[in-house]
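In case you want the letters, here they are:
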Amino acid sequence: MTLIIDLETVAHLAEQRKDEFDVLRYQLQYDDDLSDEKIDVLVDSIAAPIVAAIDCTQCANCCRGLSVQLGDDDIVNLATATEKSVESIKTDFVDAETYSDDPDIIGTFKHKPCTFLSGKRCSVYAQRPEACRLYPQFTPDFRWMLNWMLEGAGKCPIIYNVLDAVSAQVDDWQRSHS
Ligand code: SF4
Ligand code: SF4
């Protein structure tokens, strides 16, 4: 398995293959013979070695450009990690324009790249937000996550390589269940 990890190449290829990945989304979202569970098992088996092979500490592209959603628990954890008050974390790091009353999504980080990025590493790694822990999440419900994943394909080498591998196998999946 040859993985593409150069960020410029990933961005270029993802743009070039946009229509192809959109067809993949269409194939999976409109295939009633393949269950969500079956797709997730297949995708997990494809994604696991790719996630293991790509070193995020040599990339950090998501920390430079993504809007990270934060919940109450994340704010408390960041306060612990930085030895600041919860209020100062909210004031200093959460974008006031994104504030909501939902305790699970109270807003997003104010700054890009993320304030907590140090070189290519997270300075609050042990206490990083849940959204950062999960990214890039492929399952459960891969077929329905494809909508946002197509947007991330040009920014995240893991996503691009997983879509590339799924794309190469989807016809076989469909044939074996028809
Ligand atoms: S908190 Fe850490 S993992 Fe999350 S975006 Fe910032 S630097 Fe990246
Ligand atoms: S999750 Fe993707 S974008 Fe983020 S550091 Fe890893 S490979 Fe790079």
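What you see is a predicted model; the values in this text were computed from it and never measured.

Here's the deal with the side chain of Asn61
Then step 1. Structurally, Asn61 can be placed in helix 4 (residues 61–65).
Then step 2. Of the polar contacts made by the side chain of Asn61, one reaches the backbone oxygen of Lys155; its length is 2.8 Å.
Then step 3. Beyond its immediate stretch of four places on either side in the chain, Asn61 contacts Leu7 and Lys155.

Observations regarding the domain arrangement of the chain
Then step 1. Examined at the domain level, the chain breaks down into domain 1 (7–62 + 136–176) and domain 2 (67–134).
Then step 2. Measuring from the centre of the C-alpha atoms in domain 1 to the corresponding centre in domain 2 gives 27 Å.
Then step 3. Across the contact, seven residues belong to domain 1 and four residues belong to domain 2.
Then step 4. Overall, the association of domain 1 and domain 2 removes approximately 470 Å² of surface from exposure, summing both partners, and the carbon and sulfur fraction of that is 50%.

Observations concerning the site of ligand 1
Then step 1. Near ligand 1 the following residues occur: Cys63, Val68, Phe109, Cys114, Phe116, Leu117, Cys122, Pro129 and Cys132.
Then step 2. Split into classes, the residues belonging to the shell around ligand 1 amount to nine nonpolar, no polar and no charged.

A look at the nonpolar core
Then step 1. Counting 30 residues, the largest nonpolar core has Leu28, Phe138, Phe142, Met149, Leu163, Val166 and Trp173 as the members making the most contacts within it.
Then step 2. Elements with a minimum of two residues in this core: helix 1 (7–16), helix 2 (18–29), helix 3 (36–53), helix 8 (142–152) and helix 9 (157–176).
Then step 3. Among the elements that take part in this core, helix 9 stands out by supplying nine residues, more than any other.
Then step 4. Setting aside residues up to four positions removed in sequence, Trp173 forms contacts with Leu28, Leu34, Leu42, Val43, Ile46 and Val166.
Then step 5. If you look at the next biggest cluster of nonpolar residues, it comprises 13 residues, including Ile75, Leu78, Ile89 and Val94.

Basis of the calculations
Residues numbered from 1 in each chain as written. Chains lettered and ligands numbered in written order. Predicted model: local features only at pLDDT ≥ 70, side-chain atom pairs only at ≥ 80, totals over all residues. Heavy atoms only, no water. Helix = DSSP H or I, 4+ residues; strand = E, 2+ residues; numbered from the N terminus. Polar contact = N/O pair within 3.5 Å; in protein donor to acceptor, adjacent residues only side chain to side chain. Contact = heavy atoms within 4.5 Å. Domains from an automatic or database assignment. Buried area = accessible area lost by both parts, 1.4 Å probe. Near = heavy atom within 4 Å. Nonpolar A, V, L, I, M, F, W, Y, C, P; charged D, E, K, R; others polar. Core = buried A, V, L, I, M, F, W, Y, C linked by side-chain atoms within 4.5 Å. Buried < 20%, exposed > 50% of the residue type's maximum accessible area, 1.4 Å probe, protein only.

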